[in-house]
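# Chains, contacts and geometry: an overview
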Amino acid sequence: MLTESYFVSVSGPPLANNTAIAKDAGIYEHTLHPSHSTTATLKKSSAPRNGLAVSDTHVFAAQEEKSTVHVYSRAKGNQEALVTFSERIRSIALQDDVLFLGTQEGRLIIWEICTGRQVTTPACHVQAVTCIATTPYYLITGSDDANIHVWSVPRLLELDPTIEHEPRETLSNHRAAITSIVVGQSVNPDTNICVSASKDKSCIVWNYQLGIALRTLLFPSSPLCVSLDPCARAIYVSSDDGSLYAIDLFDEKALLGPQSAEESSTAIQVSSAFGAAPQEAGPATCVALSYDGTILLTGHPRGQVLRWDLSSRADSTELTNLNASVTNVVFVTPLPSPRPTRPVAVVKPFLGSRSYDFTSQLDSDMVEDTRFSKMLNSNGLPQDVLEQAILAFQAPAEDTVGDQELRKENEELWEVINEQRVLQQKTLQRYLEAKSAKV
């Protein structure tokens, strides 16, 4: 059965004496579907906002006001490594086998977890890097200095040590600290966007590859966190007054694309919220969308994790209370992309020049599958068999030796039949002539 799970991190001391909560627990894994339950608990962690990253094999958690990252093995359910860096870590993000870390001093640290290679950029941000968003080709960082930098991932991972690491684009429309950044994974020009939230009470939708602001959204209070629909059609925002907003980008009054009636420079005032966090929970400090975009989860300072049904827009339901401030909610995709390798154990970073070994586990056989094994492991008819069958119906049948012999015999038979018909007609004609002569 297909299941969907998510991770939640907490920070700070317990809010009350609650023996039902595991002692020293800092990260929780929950199953959302088919029924909600707690499946794993990771201890001794206090991750700040934007300080949690999850892969198929590991969980990475930055530590509040520290320069360390805790690495947990999902298979074993315990802490595998404690990695120390030279600067305090404020935010992290994972892309495949590369962990990106934003520091308090405005630098970016790149750690290849399968080789241990570490790259550090200059302090391109004046203040701390508070949030990071990634795609396979681009990295987007937001800072307390109100600037957003767009980086090229291949250039950051370049092996040539003489290459200067500088941002590809700088987005500087905000006037206060950046609180959250999300990026779409689409290749469509209309939906290949990122969204930034700032303490200047605005969110901006960007074409980050060109450095162009597509739309500015104004809110009554400062947005704390933002989430983007999986199809990049809607934005969900939580603000510091407890309100939750849903902004449809492509409805009848489209905000983006060729159907938009207003100029991109026109700011849109967003005033109507679809929901509000309970007063006893406090404003949502983190939000996350399910794989199909129908459920929104919010984490709150008083320990609650709330579920919002976006199809009905009904009031929230409490999934769990973790008795500590919730800082991150991260979904794990139920349908991960196939990869040839998977890291069984991380290689601690090493700063310096040396040769690196790639340490990972092959996730499949080196020998190509046979046609029989492919058919045996597939659900129903294999794709290649279906394609061959369709092509066989569409293409004209090829002549074979047997078909040619049958066609020749058929033609000979038709010649005999035609000769018999001619003979029959002549015989009938002579009979009629003889009969008429006797009369």
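A brief structural summary. (Residues numbered from 1 in each chain as written. Predicted model: local features only at pLDDT ≥ 70, side-chain atom pairs only at ≥ 80, totals over all residues. Heavy atoms only, no water.)

### Notes on the overall build of the chain
Under the convention used in this document: By definition, any uninterrupted DSSP run of H or I lasting at least four residues is a helix, any uninterrupted run of E lasting at least two residues is a strand, and each is numbered from the N terminus. For the radius of gyration, the atom set is restricted to C-alpha positions; the globular benchmark scales as 2.2 Å times the number of residues to the power 0.38. Only protein chains enter the accessibility calculation, which uses a 1.4 Å probe; a residue whose area is less than 20% of its type maximum is buried, one above 50% is exposed, and one in between is partly exposed. Residue contacts are counted whenever heavy atoms from the two residues lie within 4.5 Å of one another. In short, Shrake-Rupley with a 1.4 Å probe defines the accessible areas, and a residue's cover is counted only from the protein chains shown. For this count, His and the chain ends are skipped, Lys and Arg are scored as positive, and Asp and Glu as negative. Positions of charges follow a simple convention, taking NZ of Lys, CZ of Arg, CG of Asp or CD of Glu.
Across its full length, the chain carries 4 helices and 31 strands. For the chain, whose C-alpha radius of gyration is 33 Å, the value lies well above the compact-globule estimate of 22 Å for 439 residues. For the chain, the C-alpha atoms occupy an extent of roughly 130 × 55 × 55 Å along the three principal directions. Residues classed as buried in the chain amount to 44% of the 439 residues present. Sequence separation of 24 or more characterises 49% of the internal contacts of the chain that already satisfy a separation of 6 or more. Accessible area for the chain stands at about 24100 Å²; split by element, carbon and sulfur atoms hold 51% of it. For the chain, the distance from the average site of its 35 positive side-chain charges to the average site of its 51 negative ones is 2 Å.

### Here's the deal with the sheet that holds strand β13 (residues 138-143)
The strands making up a sheet are joined through hydrogen bonds of the backbone, oriented either antiparallel or parallel. Definition in use: By definition, two strands form a pair when at least two bridges between them are found by DSSP. As a rule, the C-alpha atoms of each element are fitted with a line to give its axis, helices using only the stretch in contact, and angles between N-to-C directions run from 0 to 180 degrees.
Here we have 4 strands laid out as an open sheet, ordered β12-β13-β14-β15, and antiparallel in their pairing. The strands lining the two open edges of the sheet, one partner per strand, are β12 (129-134) and β15 (169-171). Averaged over all pairs of adjacent strands, the angle between strand axes in this sheet comes to 20°, irrespective of strand direction. For strand β14 (residues 148-152) and β15, the ladder comprises 3 bridges, and the chain directions are antiparallel. Looking across to β15, one finds that I148 is bridged to L171.

### Quick look at a negative patch on the surface
Rule in force here: Only residues whose relative accessible area exceeds 30% and that form no salt bridge enter a patch; like-charged residues are grouped when within 9 Å of one another, and nonpolar side chains (Val, Leu, Ile, Met, Phe, Trp, Tyr) when within 5 Å. A pairing counts as a salt bridge when a side-chain nitrogen of Lys or Arg comes within 4 Å of a carboxyl oxygen of Asp or Glu.
A grouping of E405, E409, E411, E412, E415 and E419 is seen on the molecular surface, where their side chains present a negatively charged patch. Considering the arrangement of structural elements, one finds E405 in helix α4 (residues 401-438).

### Observations concerning a nonpolar patch on the surface
A contiguous nonpolar surface patch, about 320 Å² in accessible area, is contributed by L2, Y291 and L335. Of note, Y291 is situated in the loop between β25 (286-289) and β26 (295-299). Accessibility expressed as a relative area gives 44% for Y291, which makes it partly exposed.

### Remarks on the side chain of S9
Rules: N or O atoms within 3.5 Å of each other form a polar contact, as long as, within protein, one can give a hydrogen and the other can take it, and as long as residues adjacent in sequence are counted only when both atoms are side-chain atoms.
Following the sequence through the fold, S9 ends up in strand β1 (residues 4-11). When its relative accessible area of 0% is taken as the criterion, S9 is described as buried. Of the polar contacts made by the side chain of S9, one reaches the side chain of N328; its length is 2.9 Å. Once residues lying within four places of it in the same chain are set aside, the contact partners of S9 are G26, I27, A47, L52, S325, V326, T327 and N328.

### Brief notes about the nonpolar core
Here is the rule: By nonpolar core we mean a set of buried residues, namely Ala, Val, Leu, Ile, Met, Phe, Trp, Tyr and Cys, connected to one another through side-chain atoms within 4.5 Å.
Core analysis: the biggest nonpolar cluster contains 21 residues, and V195, L217, F219, I235, V237, I247 and L249 have the highest contact counts within it. Taken together, the elements giving at least two residues each to this core come down to β17 (194-198), β18 (202-207), β20 (223-228), β21 (234-239) and β22 (243-248). Beyond its immediate stretch of four places on either side in the chain, L249 contacts I193, A232, R233, A234, I235, A254, L255 and L256. Among the nonpolar cores identified, the runner-up in size contains 18 residues, and V83, I92, L101 and V346 belong to it.

Purely geometric numbers; function is a separate question.
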